[in-house]
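# Observations on the three-dimensional arrangement
This is what each chain is made of:
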Amino acid sequence: MVSLTLTAIEGIPVVKQGDDLALLLAKGLERCGIRLQDGEIVAVCQKIVSKAEGRMVDLNTIEPGQFARNYAKRWDKDPRAVELVLRQTSRNVRNDRGVLIVETGPGFVCANAGVDESNTLADDRALLLPEDADASARRIRDGLKHRTGTQAAVIVSD
């Protein structure tokens, strides 16, 4: 029989640019009394990876182009955020009721290029996807192995 158990790691502080996610996760595991085992999988929210990697953009630094201004006006969006989405886009897949379904540089197809304006702890800020989520996962995996001595897989997930 195969089973799946999901366990939240509680007590992780608000992540800031430069934070060592492997260290925060290892401390969180310890606080929760969880011993990571070889072969287990740790899923890490993309948002905290982006925060730790400094993928925050001040929207006040973005000058929207004409398309972004027109699109934003039609759909009641912030033209700076629309422009930021366009800058993260390698291919426009579909526009649907104010949502831009696009392909990003790494080849992800997602809504609004993964640009996130929620939970950024500041107005006029947006969070971008990690530049290389696979490399981010490897760094966290290697850091967890160094701190816990176990070989676990790490997935960066949205």
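A short tour of the structure in this document, coming up. (Residues numbered from 1 in each chain as written. Predicted model: local features only at pLDDT ≥ 70, side-chain atom pairs only at ≥ 80, totals over all residues. Heavy atoms only, no water.)

Going through the model one piece at a time under the given rule, you end up with 12 salt bridges. Between Arg 125 and Asp 58 there is a salt bridge, with the nearest N and O atoms lying 4.0 Å from each other. Here Arg 125, found in strand E6 (residues 125-127), pairs with Asp 58, found in strand E2 (residues 56-58); they are 67 residues apart in sequence, far enough to count as distant. The class for Arg 125 is partly exposed, based on a relative accessible area of 32%. The partner of Asp 78 in a salt bridge is Arg 80, and the shortest N-O contact between them spans 2.7 Å. Among the residues examined, Asp 78 registers a relative accessible area of 23% and is labelled partly exposed. One continuous salt-bridge network, built from bridges that share partners, spans Asp 78, Arg 80 and Asp 124. (Salt bridge = Lys/Arg side-chain N within 4 Å of Asp/Glu carboxyl O. Helix = DSSP H or I, 4+ residues; strand = E, 2+ residues; numbered from the N terminus. Buried < 20%, exposed > 50% of the residue type's maximum accessible area, 1.4 Å probe, protein only.)

Unlike most non-glycine residues, Asn 112 shows phi in positive territory, near 55°. Relative to the helices and strands, Asn 112 resides in the loop between strand E5 (109-111) and E6. By relative accessible area, Asn 112 is classed as partly exposed at 23%. With phi around 55°, Ala 113 is a residue other than glycine that occupies positive phi space. Positionally, Ala 113 belongs in the loop between E5 and E6.

A separate point is the sheet that holds strand E4 (residues 99-104). Strand order in the open sheet formed by three strands is E3-E4-E5, with antiparallel pairing between adjacent strands. At either end of the open sheet lies a strand with only one pairing partner, and these are strand E3 (89-96) and E5. Ignoring which end each strand starts from, the neighbouring axes of this sheet average 25° apart. Here E3 pairs with E4 via six bridges, running antiparallel. Following the sheet pairing, Thr 89 is matched in E4 by Thr 104. (Pairing = 2+ DSSP bridges. Axes fitted to C-alpha atoms, helices over the stretch in contact; angles between N-to-C directions.)

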